[in-house]
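Remarks on the overall topology
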Amino acid sequence: MTQDRTLFDGPYLKGKILIASPLIGDPRFDRSVVYMCAHGDDHAMGIIINKPMRLRLPTLFEQLGVQSEIEVPDRAVLDGGPVDRDRGFVLHSDDFLHEPATLMISGGLALTATNDILEAMASPSPPRRSTLALGYAGWEAGQLEDEIAANAWLVAEADEDLVFGESHEAKWSAAMRKLGVNPEHLTGSSGHA
């Protein structure tokens, strides 16, 4: 896993979550919750945190030849988004730092996309919390802002339990409730008078 530093600059929605509205219009993001790792004038980048794959962490570590000193937790690998799907990204607590590869995001969370984090996750001293995703969600300059203006995304504060929780199917509803929105009352079309 290599890291392209140009993906990880900018402060705007960094550290927030995006919640796909019923108006998203893109099946790849239906009911998605995206943790924003970077957002600037020329790009935005996030990891979908509620779309588990069938692939499990111990199986991926075995496929990659990561030697484990501990029993690796049997957690799902996440489908992090449609960009660079063969590349791994680990969201983790900021108690792991490998400069310059680790991007400190906010609220005690960080992102690392090198083998160093995999080795740490398989060691007796792993990050306190972590989740691994393949791929990411990316936007070009102005694209995300246009989608937010079109009500495709709602923005909320992130918290560790939402980011790292394993009840993936409940994250979208939980994120909506953070905004005071009852997800059962939402529809994908607007009414006409």
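You'll find the structure just up there.
Please read these numbers as outputs of a predicted model, since none were measured by experiment. (Residues numbered from 1 in each chain as written. Predicted model: local features only at pLDDT ≥ 70, side-chain atom pairs only at ≥ 80, totals over all residues. Heavy atoms only, no water.)

1. A short note on the side chain of Arg 75
Topologically, Arg 75 is positioned in the loop between α1 (57-64) and β5 (76-79). Buried within the structure, Arg 75 lacks any salt-bridge partner; Glu 166 is the closest side chain of opposite charge, at an N-O distance of 4.4 Å. A distance of 3.1 Å separates a polar atom in the side chain of Arg 75 from the backbone oxygen of Ser 130. Beyond its immediate stretch of four places on either side in the chain, Arg 75 contacts Leu 55, Arg 56, Leu 57, Pro 58, Met 121, Ser 130 and Glu 166. (Helix = DSSP H or I, 4+ residues; strand = E, 2+ residues; numbered from the N terminus. Buried < 20%, exposed > 50% of the residue type's maximum accessible area, 1.4 Å probe, protein only. Lys, Arg positive; Asp, Glu negative; His and termini not counted. Salt bridge = Lys/Arg side-chain N within 4 Å of Asp/Glu carboxyl O. Polar contact = N/O pair within 3.5 Å; in protein donor to acceptor, adjacent residues only side chain to side chain. Contact = heavy atoms within 4.5 Å.)

2. Some remarks on unusual backbone geometry
One can expect most non-glycine residues to show negative phi and most peptide bonds to be in trans. In the segment running from Glu 99 into Pro 100, the intervening peptide bond is cis, with an omega of 0°. Although it is not a glycine, Asp 84 sits at a positive phi angle of roughly 50°.

3. A few points about a negative patch on the surface
A contiguous patch of negative charge, built from Asp 41, Asp 42, Glu 145 and Asp 146, is present on the exposed surface. Among the secondary structure elements, Asp 42 is positioned in the loop between β2 (33-39) and β3 (43-48). Exposure remark for Asp 42: the relative accessible area of 53% places this residue in the exposed category. (Patch = residues over 30% accessible without salt bridge, like charges linked within 9 Å, V, L, I, M, F, W, Y side chains within 5 Å. Areas by Shrake-Rupley, 256 points an atom, 1.4 Å probe, with all protein chains shown as cover. Charge placed at Lys NZ, Arg CZ, Asp CG, Glu CD.)

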